[in-house]
Amino acid sequence: MMTPNLLGALAVLALFDSKARALDNGLGKTPPMGWNTWYNFRCDLNETVIHEAVEAFLDYGLLDVGYEYINLDDCWQLRRDMNTGQIVEDRDKFPSGMTALGDYIHSKGLKFGLYSDAGLMTCQQRPGSLGVESIDAQTYADFGCDFLKYDNCFSFHLPPQQRYQAMRDALNATGRPIFYSLCEWGEQDPATWAPPVGNSWRTTPDIGQRPTWSILMKMTDLNEPLWSTAGPGGWNDPDMLQVGKGHLTLAEQKSQFTLWAIMKAPLLLGNDIRHMSGEILEIIRNKKLIAINQDALGIQAHVVWSSEDKDTVKGQQVWAGPLHGGDFVIVMLNRGALNNVEITVNWNDIPDFYTETTTVVLEDLWNSKNVTAKGSFTTHVQAHDVAAFRASPVTTAS
Ligand SMILES: *[C@@H]1O[C@H](CO)[C@@H](O)[C@H](O)[C@H]1NC(C)=O
Ligand SMILES: *[C@@H]1O[C@H](CO)[C@@H](O)[C@H](O)[C@H]1NC(C)=O
Ligand SMILES: *[C@@H]1O[C@H](CO)[C@@H](O)[C@H](O)[C@H]1NC(C)=O
């Protein structure tokens, strides 16, 4: 077992390591938090709906808990101007234009995100940026853009490394810090090349409009093994949150939020944020889990124990990861359909955790209560639900 001092030293080394590899645009020191239009509005977006979403964003207190990005996905743009070569916004839908929209978003203390594609066209067949990266990056910067999601349609299977690096360099040349979100769908192992290219990279295909629990688990299983490539400046992205969309149970929504938070995934809401119930707000405004997602150490939690039958009704897992200052996050996940399943976490299963004889305080991240335990801890978890804890020692080992 490691002493807390050695663990601290390793944590500092991990920070230096990811710093050396990460894209150097000063952004994404913690995962981005905000809202994206796609999974609720698809192409049916306009100025009015963005204004309403911004008002709701503020009224529901999302900025107060750390959400900040208002990201327009595909269909804000219409065509390319034949004379200037520049992308032109859809003025029927956005009569005041993108610069005015960016000003409005900034005036509310929020950040403004746009979307393009590393191909000839976007997925909805609007102009893509392949080959015209410099012109488009300058247009986005002139609009006041703070975040670019860069998709992968109509790319003729050209190597993604070059296509995505070209936009990285074009964004850099504008001099405006723009969070660069790679949406390459995890096709060519982006975790192996994306850290110096973008601030986040999709590790999965699209999560879809109405994913089932088994699709959520599939996304989770694709993203989890890549945990060591995430860190301050660059994050694994298993696609957006589905909380508040209405097709998942409350337990499933709570589980997605928990897993995405501890995997240090971008916390990008994909629902209609203009109308949210108290139950949904309780999930997305969970400050204790947001603090884990935004933890300064930036280490993605991963599976430390799994039942052999993880994809059956009996599937269970224990997840854990270190936090800044020596605490750990521990999550017990009931992947299966059986209720009231007993799950045990053994201190020995968690790398670099406290010694067997250390009494640990487990702060429940979904209920206001604490328990103490030594060596192991057992609890009951409902179907498709989680139990989540922040662990700290009662007394230090030294
Ligand atoms: C551009 O790249 C350089 C070198 O990596 C970096 O120091 C600078 O902060 C970047 N600028 C922007 C606006 O991203
Ligand atoms: C704007 O978009 C919303 C959501 O799709 C729609 O309900 C509304 O009718 C649209 N408004 C205009 C003026 O197009
Ligand atoms: C639980 O423990 C944490 C830290 O160990 C403390 O900050 C918090 O106030 C405690 N909560 C309760 C309900 O006792």
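As named in an unreviewed UniProt entry, the protein chain is Alpha-galactosidase, taken from Seminavis robusta. Heading Catalytic activity (unreviewed entry) of the UniProt record for the protein chain holds this comment: "Hydrolysis of terminal, non-reducing alpha-D-galactose residues in alpha-D-galactosides, including galactose oligosaccharides, galactomannans and galactolipids." Recorded in UniProt for the protein chain, the comment headed Sequence similarities (unreviewed entry) runs: "Belongs to the glycosyl hydrolase 27 family."

Let's shift gears to the site of ligand 1. Lining the immediate surroundings of ligand 1 are D24, N25, N172, G175, R176 and P177. A distance of 3.3 Å separates an oxygen atom of ligand 1 from a polar atom in the side chain of D24. Contact distances for ligand 1 include 2.3 Å between an oxygen atom and a side-chain N or O atom of N172. When ligand 1 sits alone it has 360 Å² of accessible area, and the protein chains cover 53% of it. Across the shell around ligand 1, the residue classes break down as one nonpolar, three polar and two charged.

Here we take up the state of the cysteines. If you walk through the whole model with that rule in mind, you get two disulfides. Here C43 connects covalently by a disulfide to C75, the sulfurs 1.8 Å from one another. Residue C43 is located in the loop between helix 2 (38–41) and helix 3 (47–59), and its partner C75 is located in the loop between strand 2 (69–71) and strand 3 (77–80); the two are separated by 32 residues in the primary sequence. Each member of the pair, C43 as well as C75, is classed as buried.

Here we take up the nonpolar core. Among soluble globular proteins, nonpolar side chains are generally buried collectively. Judged by nonpolar contacts, the single largest core of 94 residues is most densely connected at I50, Y67, L72, W76, Y180 and F257. If you tally residues by element for this core, the top one is helix 3, at six residues. Each of domain 1 (22–293) and domain 2 (301–395) contributes no fewer than three residues to this core. Counting 21 residues, the second-largest nonpolar core is a separate cluster that includes M332, W347, A373 and A387.

A few words on the pattern of salt bridges. On inspection of all chains with the given rule, the structure shows 18 salt bridges. Across the salt bridge formed by R168 and D169, the nearest N and O atoms sit 2.9 Å from each other. Given a relative accessible area of 41%, D169 falls into the partly exposed group. Through salt bridges with shared partners, a single ionic network connects D221, K310, D311 and R335.

Another point: the packing of aromatic side chains. One pass over the full model with this rule turns up 14 aromatic pairs. Connected via pairs of aromatic rings, a cluster forms that spans Y150, Y164, Y180 and W193.

Take the sheet that holds strand 15 (residues 359–364) next. Sheet strands associate in pairs through backbone hydrogen bonding, adopting either a parallel or an antiparallel arrangement. Taken in spatial order, the six strands make up an open sheet running 11-12-13-18-15-16, and their pairing is antiparallel. One side of each edge strand has no neighbouring strand; the edge strands of this open sheet are strand 11 (302–306) and strand 16 (370–374). With strand direction ignored, the average angle separating the axes of adjacent strands in the sheet is 30°. Helix 9 (residues 250–262) rests against strand 12 (316–322), strand 13 (328–334) and strand 18 (386–393) of the sheet, and its axis sits at about 145° to strand 13.

What follows covers the site of ligand 3. Around ligand 3 sit E363, N370 and S392, and that is every residue in its neighbourhood. Take N370: an N or O atom from its side chain is 2.4 Å from an oxygen atom of ligand 3. Its free accessible area being 360 Å², ligand 3 has 40% of it covered by the protein chains.

When you tally the buried positions in strand 6 (residues 147–151), you get five out of five residues, the bulk of the element. When strand 5 (residues 111–117) meets strand 6, the two strands line up parallel, connected through five bridges. Along strand 6, the bridge assignment pairs Y115 with K149. Remark: the strand 5/helix 5 (residues 133–143)/strand 6 crossover connection has right-handed handedness. Inspection of the sheet shows strand 6 paired to strand 7 (residues 179–182) by four bridges, in the parallel sense. Across the sheet, the residue bridging to L148 is Y180, located in strand 7. With respect to chirality, the unit in which strand 6 leads through helix 6 (residues 160–174) into the neighbouring parallel strand 7 is right-handed.

Here is what the cut-offs are and how they apply
- Residues numbered from 1 in each chain as written.
- Chains lettered and ligands numbered in written order.
- Predicted model: local features only at pLDDT ≥ 70, side-chain atom pairs only at ≥ 80, totals over all residues.
- Heavy atoms only, no water.
- UniProt positions renumbered as here; feature names shortened; annotations may be inferred.
- Near = heavy atom within 4 Å.
- Polar contact = N/O pair within 3.5 Å; in protein donor to acceptor, adjacent residues only side chain to side chain.
- Areas by Shrake-Rupley, 256 points an atom, 1.4 Å probe, with all protein chains shown as cover.
- Nonpolar A, V, L, I, M, F, W, Y, C, P; charged D, E, K, R; others polar.
- Disulfide = S-S within 2.5 Å.
- Helix = DSSP H or I, 4+ residues; strand = E, 2+ residues; numbered from the N terminus.
- Buried < 20%, exposed > 50% of the residue type's maximum accessible area, 1.4 Å probe, protein only.
- Core = buried A, V, L, I, M, F, W, Y, C linked by side-chain atoms within 4.5 Å.
- Domains from an automatic or database assignment.
- Salt bridge = Lys/Arg side-chain N within 4 Å of Asp/Glu carboxyl O.
- Phe/Tyr/Trp six-rings, centres within 6.5 Å; stacked < 30°, edge-to-face > 60°.
- Pairing = 2+ DSSP bridges.
- Axes fitted to C-alpha atoms, helices over the stretch in contact; angles between N-to-C directions.
- Contact = heavy atoms within 4.5 Å.
- Right-handed = clockwise from strand over helix to strand, strands pointing away.

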